[in-house]
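Structural description and commentary
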Amino acid sequence: MNETITDIRTRRSCRKYTTEQISEEALTAILEAATYAPTGHGQQSPVMVVVQEPSLVARLSKLNAQIMGTTRDPFYGAPTAVVVFEDTNNSTGHEDACMVMANLLNAAHAVGLGSCWINRGRQMFELPEGAEIKAEWGLGENMAGLAICILGYAAEGGILPPKQRKEGYIIRA
């Protein structure tokens, strides 16, 4: 079977990470793959912000947890977070950013890393503290948080086996 298809079929979300930071080589490969995500009219409107400084990763995780109403770490201890922003002035901005997230996830698996899509990006950067962070990154009002792709080396038990594919997933018309 084609290696790309195999990677897509075997990728799973990782919910437990080691503390070891990912290599620069792996990060560069993942980010480059994400820049090749399909975007409407080839506009490449999404923006990715890479966060590896532990105190800032923890700060973002705490903001995300606040929205969830919990104190647990929604980033599962991952040492790297790639925040994906969508351009709200672009008619395909949301879809474009989703494609970037998909490429990040699949590329991470292809280079042997664990990853997980973390929701609540929009809400995080609508909070005053999130808006302040976004401004520090130089992102305009038109850029809305979509999601966070957390990355790291999977710890034991961090990746569960796949669930059975559901009935009716595919309808041939």
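The following paragraphs examine the structure supplied in this document. None of these values were measured; they are calculated from a predicted model.

1. Examining the layout of surface pockets
Gaps left between atoms are located by rolling a probe of water-molecule size over the structure's atoms. Reported here for the largest pocket is a volume of approximately 470 Å³. The wall of the largest pocket is formed by 14 residues, among which R11, R12, P162, K163 and R165 lie closest to the centre. Grouping the amino acids of the lining of the largest pocket by side-chain chemistry returns 5 nonpolar, 3 polar and 6 charged. Size it by volume and the second largest pocket reaches roughly 160 Å³. Partitioning the lining of the second largest pocket into residue classes produces 6 nonpolar, 5 polar and 1 charged.

2. Here's the deal with the packing of helix α3 (residues 54–68) against helix α6 (residues 128–136)
Following both chains from N to C, one finds α3 and α6 inclined at 145°, their axes separated by 10 Å at the closest point. Judged by the twist between their axes, the crossing of α3 over α6 is left-handed. For the pair α3 and α6, the contacting residues are R59, L60 and L63 in the first and E129, G130, E132 and I133 in the second. Of the residues contributing to the contact of α3 with α6, the split by class is 3 nonpolar, 1 polar and 3 charged.

3. Overview of the packing of aromatic side chains
For the coordinates displayed, the defined rule picks out 3 aromatic pairs. Judged by centre distance (6.1 Å) and plane angle (80°), the rings of F85 and W137 are edge-to-face. On the criterion of sequence distance, the pair formed by F85 in strand β2 (residues 80–87) and W137 in the loop between α6 and β4 (143–152) is long-range, its members being 52 residues apart. Using a relative accessible area of 24% as the deciding quantity, one classes W137 as partly exposed. For the pair F125 and W137, a centre-to-centre distance of 5.8 Å together with 50° between the ring planes defines the contact as tilted. Highlighted residues: F125 in helix α5 (residues 121–126) and W137 in the loop between α6 and β4, separated in sequence by 12 residues. When its relative accessible area of 5% is taken as the criterion, F125 is described as buried. Three or more aromatic residues joined by ring pairs make a cluster, and in this case those are F85, F125 and W137. Across from the ring centre of Y169, 4.9 Å away, lies the NZ or CZ of K166, which sits over that ring.

What counts as what
- Residues numbered from 1 in each chain as written.
- Predicted model: local features only at pLDDT ≥ 70, side-chain atom pairs only at ≥ 80, totals over all residues.
- Heavy atoms only, no water.
- 1 Å grid on protein atoms, 1.4 Å probe; cavity = no way out; pocket = protein on both sides within 12 Å on 5 of 7 lines; lining within 4 Å.
- Points joined across faces, edges and corners; volume = space filled by probe spheres on them.
- Nonpolar A, V, L, I, M, F, W, Y, C, P; charged D, E, K, R; others polar.
- Axes fitted to C-alpha atoms, helices over the stretch in contact; angles between N-to-C directions.
- Helix = DSSP H or I, 4+ residues; strand = E, 2+ residues; numbered from the N terminus.
- Left-handed = near helix turned anticlockwise from the far one by under 90°.
- Contact = heavy atoms within 4.5 Å.
- Phe/Tyr/Trp six-rings, centres within 6.5 Å; stacked < 30°, edge-to-face > 60°.
- Buried < 20%, exposed > 50% of the residue type's maximum accessible area, 1.4 Å probe, protein only.
- Lys NZ or Arg CZ within 6 Å of the ring centre and 35° of its normal.

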